[in-house]
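Architecture and fold: a report
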Amino acid sequence: GAVVSQHPSRVICKSGTSVKIECRSLDFQATTMFWYRQFPKKSLMLMATSNEGSKATYEQGVEKDKFLINHASLTLSTLTVTSAHPEDSSFYICSARREVNTGELFFGEGSRLTVL
Amino acid sequence: QKEVEQDPGPLSVPEGAIVSLNCTYSNSAFQYFMWYRQYSRKGPELLMYTYSSGNKEDGRFTAQVDKSSKYISLFIRDSQPSDSATYLCAMSARAAGNKLTFGGGTRVLVKP
């Protein structure tokens, strides 16, 4: 299957600082990437859709100023958690679609953020 | 009522048994159906991808989609302890931008 790489896999930061998470599609170009958040023992919650060369589309209830998304190239999307607080601690997962007109979605390994 | 329903389990089976998982859904527009396996603290791994109704087999895995009943299944034959994980069903509709809707996940435990 297609490979989506995410970095870092784990990050610990102090409250008030910003953290950037990178998502790369390694063997295909992805015009669209998706960012999810997952709480313990819960399913994935879609945060936003990242479109190459344009602004991200955020789901209802997700603060766009808190979670900055940049999709600067066809293989890289970044999520920046700004002014992080302990309630932002979570598992963040990106995904990408290899072919535009299919539903097949490949996920990264996830990034665990802990805000102290 | 959730758009996609999935029994959370846990589902415990002995090694070598068949694991049977299923999801029901309410949105008749769904046309792409996927099963993911997720180990603890890892991202979901795509196991099976099916378009519309029918069966698909890949190694020990068989996926079935019955759109008339709005019901999908995943069967795992000859289960191994390494199959112990959470299994998520997901589905999407092209008309909705292929945005995935997930089930809540079923935790599976295969006992040696």
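What counts and what doesn't
- Residues numbered from 1 in each chain as written.
- Chains lettered and ligands numbered in written order.
- Predicted model: local features only at pLDDT ≥ 70, side-chain atom pairs only at ≥ 80, totals over all residues.
- Heavy atoms only, no water.
- Core = buried A, V, L, I, M, F, W, Y, C linked by side-chain atoms within 4.5 Å.
- Buried < 20%, exposed > 50% of the residue type's maximum accessible area, 1.4 Å probe, protein only.
- Helix = DSSP H or I, 4+ residues; strand = E, 2+ residues; numbered from the N terminus.
- Pairing = 2+ DSSP bridges.
- Axes fitted to C-alpha atoms, helices over the stretch in contact; angles between N-to-C directions.
- Contact = heavy atoms within 4.5 Å.
- Buried area = accessible area lost by both parts, 1.4 Å probe.
- Salt bridge = Lys/Arg side-chain N within 4 Å of Asp/Glu carboxyl O.
- Polar contact = N/O pair within 3.5 Å; in protein donor to acceptor, adjacent residues only side chain to side chain.
- Nonpolar A, V, L, I, M, F, W, Y, C, P; charged D, E, K, R; others polar.
- Disulfide = S-S within 2.5 Å.

1. Things to note about the nonpolar core
Ranked by size, the top nonpolar core spans 44 residues in total, and within it Y36(A), F107(A), Y36(B), L100(B) and F102(B) carry the most contacts. Element by element, the count of residues in this core is highest for strand 9 (residues 90–96) of chain A, at five residues. In terms of nonpolar packing, the next biggest core, distinct from the first, is built from 24 residues, F30(B), V65(B), V108(B) and V110(B) among them.

2. Remarks on the sheet that holds strand 3 (residues 19–25) of chain A
Residue and element names in this part refer to chain A. Taken in spatial order, the four strands line up as 1-3-8-7 in an open sheet, and their pairing is antiparallel. Edge positions in the sheet fall to strand 1 (4–7) and strand 7 (67–73), since each of these pairs with one other strand and no more. Strand-to-strand twist in this sheet, taken as the mean axis angle between neighbours without regard to direction, amounts to 15 degrees. Across four bridges, the pairing between strand 1 and strand 3 is antiparallel.

3. A word on the sheet that holds strand 6 (residues 54–58) of chain B
All names here are of chain B. Taken in spatial order, the five strands of this open sheet run 1-3-8-7-6, and their pairing is antiparallel. Strands with a single pairing partner mark the edges of an open sheet, and in this sheet they are strand 1 (4–6) and strand 6. Sheet twist, expressed as the mean angle between neighbouring strand axes with direction ignored, is 15 degrees. Relative to strand 3 (residues 19–25), strand 1 runs antiparallel, the two sharing three bridges. Its bridge partner being in strand 3, E5 is matched across the sheet by T24.

4. Focus on the interface of chain A and chain B
Listed as interface residues are 21 residues of chain A and, on the opposing side, 20 residues of chain B. Both faces considered, chain A and chain B share a buried interface measuring about 1600 Å² in area, 55% of it formed by carbon and sulfur atoms. We note a salt bridge from K99(B) to E59(A), for which the minimum N-O separation is 3.0 Å. Summed over the shared surface of chain A and chain B, the result is five residue pairs in polar contact (both at pLDDT 80 or more). For the side of chain A that touches chain B, the secondary structure elements donating two or more residues are strand 4 (32–38), strand 5 (44–51), strand 9 and strand 10 (106–107) of chain A. Residue composition of the side of chain A that touches chain B, by class: nine nonpolar, seven polar and five charged.

5. Thoughts on the side chain of T49(A)
Within the fold, T49(A) resides in strand 5. Other than its neighbours up to four places away in sequence, T49(A) contacts T32(A), M33(A), F34(A), A56(A) and T57(A).

6. Observations concerning the state of the cysteines
Counted according to the given criterion, the structure contains two disulfides over all chains. Bridging C23(A) to C94(A), the disulfide has an S-S length of 2.0 Å. A torsion of 80 degrees about the S-S bond marks the disulfide between C23(A) and C94(A) as right-handed. Here C94(A) lies in strand 9 and C23(A) lies in strand 3, a separation of 71 residues in the sequence. Here C23(B) pairs with C89(B) through a disulfide, and the sulfurs are 2.0 Å apart. Where C23(B) bonds to C89(B) through sulfur, the torsion about that S-S bond is close to -105 degrees, and the disulfide is left-handed. Highlighted residues: C23(B) in strand 3 and C89(B) in strand 9 (residues 85–92), separated in sequence by 66 residues. Like C23(B), the residue C89(B) is buried in the burial classification. With no disulfide of its own, C13(A) lies 18 Å from the sulfur of C94(A), the closest cysteine sulfur.

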